[in-house]
Amino acid sequence: MFEQLIIILLISPLVGFLINGLFGKWLKGKEKLSGGIGALAVLVSLICSIIAFVKVQGGTTLPNQDENGIVYEWISGQLLNESFTFNIGFHVDALTTVMLLVITGVGFLIHVYSIGYMHGDAGYTRYFAYLNLFVFAMLILVLGNNYLMMFVGWEGVGLCSYLLIGFWYEKQSATDAGKKAFIVNRIGDFGFLLGMFTLFAAFGSLDFVSIFDNAEAGNFQQVFGASTLVIATLLLFVGAVGKSAQLPLYVWLPDAMEGPTPVSALIHAATMVTAGVYMIARSAVLYNIAKTGVVVAWIGVLTALFAAIIALKQNDIKRILAYSTVSQLGYMFVGVGVGAYASGIFHLVTHAFFKGLMFLTAGSVMHAMANELDIRKMGGLRNKLPITHATFLVGALAIAGAPFLSGFWSKDEILHSAWGAGGSSIAIYIIGLITAFLTAFYMFRLIFVTFYGKSRVEPEVASHLHESPGVMWVPLVILAIPSAIIGLLLGVGGHDSWFHHFTEKVAGFKGEALGSATPFMIISSIVGLAGIAYAWTRYKNRVPSTEPTNTLQKLVANKFYIDEVYNTFIVQPIKNASHFLLWKLFDTGIIDGIVNGIAALIRVIGGTLRRLQTGLVQVYIVSMVIGIVLFLAYYLFFAN
Amino acid sequence: MQLGLEYYLVLSALLFTIGVIGVLIRRNAIIIFMCIELMLNAANLAFVAISRNLGDPDGQLFVFFVMAVAAAEVAIGLAIIVSVFKHRETINVDEVNSLKG
């Protein structure tokens, strides 16, 4: 029963993908139908997810006594006299249902929003086909009961991300950004693969349940001695760093904003980029044993700070949000890194709502402004776009940690856990707090410059300024509600909240006994509000200066020249090596050299031999006669 | 007095050798052609002589075949020489060397 439910949940977006993908030609011009099919497919998944959630809430998980969750034996064989099996199977517990609700819930709203946003686009059906395929791949990622299935979904979402970033493939910058995302992710995926190999070598299986049970019992091959699990978890973390855009592999995410804005909201804010956090939370048992969480937490907090600093000086509305996403993902890694898995996942949930909301409002602004992205050319938009402004404000307040909104609860839990985790974690707490201040500052800089002050909109754009159609603003309002209140519903009580109790049975999630959260909440609130106030004093009536004035500002405005550094020290050497070693030396030198050398040899031999063919009949006859004479001589005198 | 087999074979070898030398050293296509005929007839002579010596008519049978083939060959060969002459105004085989590699 549960299995069938999950199968319907999983297959529905695939059906949507097949319909839009295969019959796009017939659906051309029927936008409502095409988009409707896409949204309906996700709605079915959403309903199934809610049913699954109710079941899990009632204590039924998958696998359970009646159903093992395995629907198909995919690969089986023998390796070194050990038989192994990889199954297509599902693992549904509290963590999975939380992810399912985020993916299908936010996903459904974004599908609906896209019906309006993509209106008139030439690739309308293609867009919905990709979007459904993405949801399908993401569902595989979170539903799989083994690392191999997770990897299949992991690659699937990577593919869809690539396809959707480069959706407007006529634009050079879009295709470049797509390739960049794909290649940078490849580095992470390589780490994930190596991590999987290590786990397989150690445990002889990739099933979550069997790996976690054996890991806790210490019952596995020490393929790398005592540090087997350390190496495995760190390699898995490399995969998470790539997918979730952490230092040093974050560079693809800001560029990924070349895709359509709803894609940025769904894939590059709410769901796909959080896959790394999910993977670490899923592997919580391993991280608990290996004690590698501290690496995760430090990478996370440094990323959070670094991305927040870069966001301070950006002027492109979507890039600010992109760096903000990188920064918030850093918070999630702090959460799962210090062992507060539930808090990290809680932040994942709240972030999915408020960041998805902010991307969609950014899309609404772009829609009104004829695709203008530069906040310096906006200003005073709150009168023209009241709903957009109000919903964006909710999202910004939530991310800034304004009291009682969703981000306040989740971010505070993470900081609180960081404080209590011991070791170097107080430094993490302080950096996290600084980041919280910066977050509030850059987000309200964006708001004040965009929605307040004098209008700097160009006249011909200004005459068309309009609020978005209902199909777009209704999802905004629906998303704004959980962004505001989900913290109050699920997060009150910090580590004793409903959310923590719901997820406490997930393998490896540990309850934390921490002191009162109240002082931390007060500090966080003060820091957040201070950031907002500082932004108010600086950008209330001021446009961000175009030219950076000093070296530090220049450094930040140019994103610390990280892209340039990567380009100089990694991309160019690889390109040069490919050009000179692989192409010039190996391809044209060795491979072509062998082929051309053989041809030249044949030519020389032929050139020599053809001189025998004189065209004089008598020369041929002479050689024949000589031959006959030789044969005769041989048989007459030597044969006997 | 009856001539022994060896006389015939020596004559045959002489005729054959004359034919080979003629083919090798003459430049006129018709002469070369006649030398080929000479070699064929040398062979015929050897056939007939050995056939009679052995009392077996098979060799004489072969001679008829050779003569028939030679007749056909003469017809085609002469036709080729005529058409070469029409194209080139020469039947000197040294000048007919367009198959040079």
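Residues numbered from 1 in each chain as written. Chains lettered and ligands numbered in written order. Predicted model: local features only at pLDDT ≥ 70, side-chain atom pairs only at ≥ 80, totals over all residues. Heavy atoms only, no water.

Moving on: the overall build of chain A. For chain A, the count of helices and strands is 26 helices and three strands. For the C-alpha atoms alone, the extent of chain A along its principal axes is close to 120 × 65 × 55 Å. Within chain A, buried positions represent 54% of all 640 residues. Expressed as a percentage of contacts within chain A between residues at least 6 apart in sequence, the contacts between residues at least 24 apart total 81%. (Helix = DSSP H or I, 4+ residues; strand = E, 2+ residues; numbered from the N terminus. Buried < 20%, exposed > 50% of the residue type's maximum accessible area, 1.4 Å probe, protein only. Contact = heavy atoms within 4.5 Å.)

Another point: the overall build of chain B. A count of helices and strands for chain B gives three helices and zero strands. Along its sequence from the N terminus, chain B presents helices and strands in the succession α-α-α. Its C-alpha radius of gyration of 17 Å places chain B more than 25% over the 13 Å reference for a compact globule of 101 residues. Among the 101 residues that make up chain B, the fraction classed as buried is 23%. Taken as two groups, the 6 positive and 8 negative side-chain charges of chain B have centres that lie 10 Å from each other. (Rg over C-alpha atoms; globule rule 2.2 N^0.38 Å. Lys, Arg positive; Asp, Glu negative; His and termini not counted. Charge placed at Lys NZ, Arg CZ, Asp CG, Glu CD.)

Attention shifts here to the packing of aromatic side chains. Residue and element names in this part refer to chain A. One pass over the full model with this rule turns up 38 aromatic pairs over all chains. Ring centres of F84 and F200 lie 5.5 Å apart, and the angle between their planes is 85°; this geometry places the pair in the edge-to-face category. Taken together, the residues span a long stretch of sequence, with F84 in strand β2 (residues 82-89) and F200 in helix α7 (residues 172-203) at a distance of 116 residues. In terms of burial, F84 and F200 fall into one category: buried. A cation sits over an aromatic face here: R186 above F182, 4.6 Å from the ring centre. (Phe/Tyr/Trp six-rings, centres within 6.5 Å; stacked < 30°, edge-to-face > 60°. Lys NZ or Arg CZ within 6 Å of the ring centre and 35° of its normal.)

It is worth spelling out the interface of chain A and chain B at this point. Each partner contributes residues to the interface: chain A has nine residues there, and chain B has 14 residues. Taking both partners together, chain A and chain B bury about 890 Å²; carbon and sulfur atoms supply 60% of that area. By the criterion of area lost to chain B, the three top residues of chain A are Q613, L616 and Q618 of chain A, representing 50% of everything that side buries. At the junction of chain A with chain B, the criterion picks out zero salt bridges. Scanning the region where chain A abuts chain B turns up three residue pairs in polar contact (both at pLDDT 80 or more). Looking at the side of chain A that touches chain B residue by residue, the classes come out as four nonpolar, four polar and one charged. (Buried area = accessible area lost by both parts, 1.4 Å probe. Salt bridge = Lys/Arg side-chain N within 4 Å of Asp/Glu carboxyl O. Polar contact = N/O pair within 3.5 Å; in protein donor to acceptor, adjacent residues only side chain to side chain. Nonpolar A, V, L, I, M, F, W, Y, C, P; charged D, E, K, R; others polar.)

Close inspection of predicted coordinates is inappropriate in any region flagged by low pLDDT. Taken over all residues, the pLDDT of chain A has a mean of 88, while the share at 70 or more is 98%. Mean pLDDT across the elements of chain A ranges from a minimum in helix α20 (residues 459-462) of chain A, with 78, to a maximum in helix α5 (residues 124-143) of chain A, with 94. (pLDDT = per-residue confidence, 0-100.)

A separate point is the environment of I289 of chain A. Residue and element names in this part refer to chain A. Mapping I289 onto the fold places it in helix α13 (residues 284-290). Sequence separation of I289 and T233 is 56 residues, and the distance between their C-alpha atoms is 9.8 Å. Every residue in contact with I289, bar those within four places of it in the chain, is listed here: A215, E216 and L229.

On to helix α23 (residues 518-539) of chain A, then. Residue and element names in this part refer to chain A. In this model, α23 (22 residues) spans 31 Å end to end at C-alpha, consistent with the 32 Å of a helix rising 1.5 Å per residue. Taken together, the buried positions of α23 are F520, M521, S524, S525, V527, G528, G531, I532, A535 and Y539. Mapping the buried residues of α23 onto a view down its axis gives an arc of 165°, with all of them on the same face. Exposed side of α23, more than 90 degrees from the buried face: I526 and T537 are the residues found there. Summarising the contacts, the buried residues of α23 are in contact with α17 (386-400), α18 (406-420) and α19 (425-451). (Expected span 1.5 Å × (residues − 1). Arc of directions from axis to C-beta.)

Residues and elements named next belong to chain A. Enumeration over the complete set of coordinates arrives at ten salt bridges over all chains. Residues R186 and D189 are paired through a salt bridge, measuring 2.9 Å at the closest nitrogen-oxygen approach. Of the two residues, R186 and D189 both sit in helix α7, three residues apart, roughly one turn of that helix. Residue R186 is classed as partly exposed on the basis of its relative accessible area of 32%.

Glancing now at the confidence of the model for chain B. On average, residues of chain B score 91 in pLDDT, and 99% of them are at 70 or above. Taken together, the chains of this predicted complex give a pTM of 0.81 and an interface ipTM of 0.83.

Right, let's get into α17 of chain A. Residue and element names in this part refer to chain A. With 15 residues, α17 extends 21 Å between its outermost C-alpha atoms, agreeing within 8% with the 21 Å of an ideal straight helix rising 1.5 Å per residue. When α17 is considered as a whole, its buried residues turn out to be T388, H389, T391, F392, G395, A396, A398, I399 and A400. Its buried side turned inward, α17 meets α15 (317-337), α16 (341-368), α18, α19, α21 (470-490) and α23. The first or second residue beyond α17 is G401, which carries a positive phi of 85°.

Within the largest apolar cluster, 204 residues are counted, with the highest numbers of intra-cluster contacts made by L143, Y147 and Y250 of chain A. Looking at this core element by element, the count peaks at 17 residues for α16 of chain A. Those residues in contact with Y147 of chain A that sit more than four places away from it in its chain are F192, M196, L199, L206, F208, I211, F212, L236, S283 and L286 of chain A. Counting residues in hydrophobic clusters, the runner-up holds ten residues, among them V20, V23, C35 and V93 of chain B. (Core = buried A, V, L, I, M, F, W, Y, C linked by side-chain atoms within 4.5 Å.)

Turning our attention to the packing of helix α12 (residues 275-282) of chain A against α16 of chain A. Residues and elements named next belong to chain A. Orientation of α12 relative to α16, taken along the N-to-C sense of each, is 155°, at an axis distance of 10 Å. What the angle tells us is that α12 and α16 run roughly antiparallel. Note that α12 runs across α16; the crossing there is left-handed. Of α16, the residues touching α12 (which contributes V277, Y278, I280 and A281) are Y341, I345 and L348. (Axes fitted to C-alpha atoms, helices over the stretch in contact; angles between N-to-C directions. Parallel < 35°, antiparallel > 145°, perpendicular 65-115°, else oblique. Left-handed = near helix turned anticlockwise from the far one by under 90°.)

Here we come to the pairing of strand β1 (residues 70-79) of chain A. Residue and element names in this part refer to chain A. One ladder, built from eight bridges, connects β1 with β2; its direction is antiparallel. What sits directly across from L79, in β2, is E82. Taking the residues between adjacent antiparallel strands as the criterion, β1 and β2 are bridged by two residues, where L80 takes a positive phi near 50°. (Pairing = 2+ DSSP bridges.)

Okay, the side chain of D93 of chain A next. All names here are of chain A. Examined against the element boundaries, D93 turns out to sit in the loop between β2 and α4 (94-117). Looking at D93, its side chain comes within polar contact range of the side chain of H91, at 3.4 Å. A polar atom in the side chain of D93 sits 2.9 Å from the side chain of R282. Among all residues touching D93, those that are not within four sequence positions of it are V56, T61, R282 and V506.

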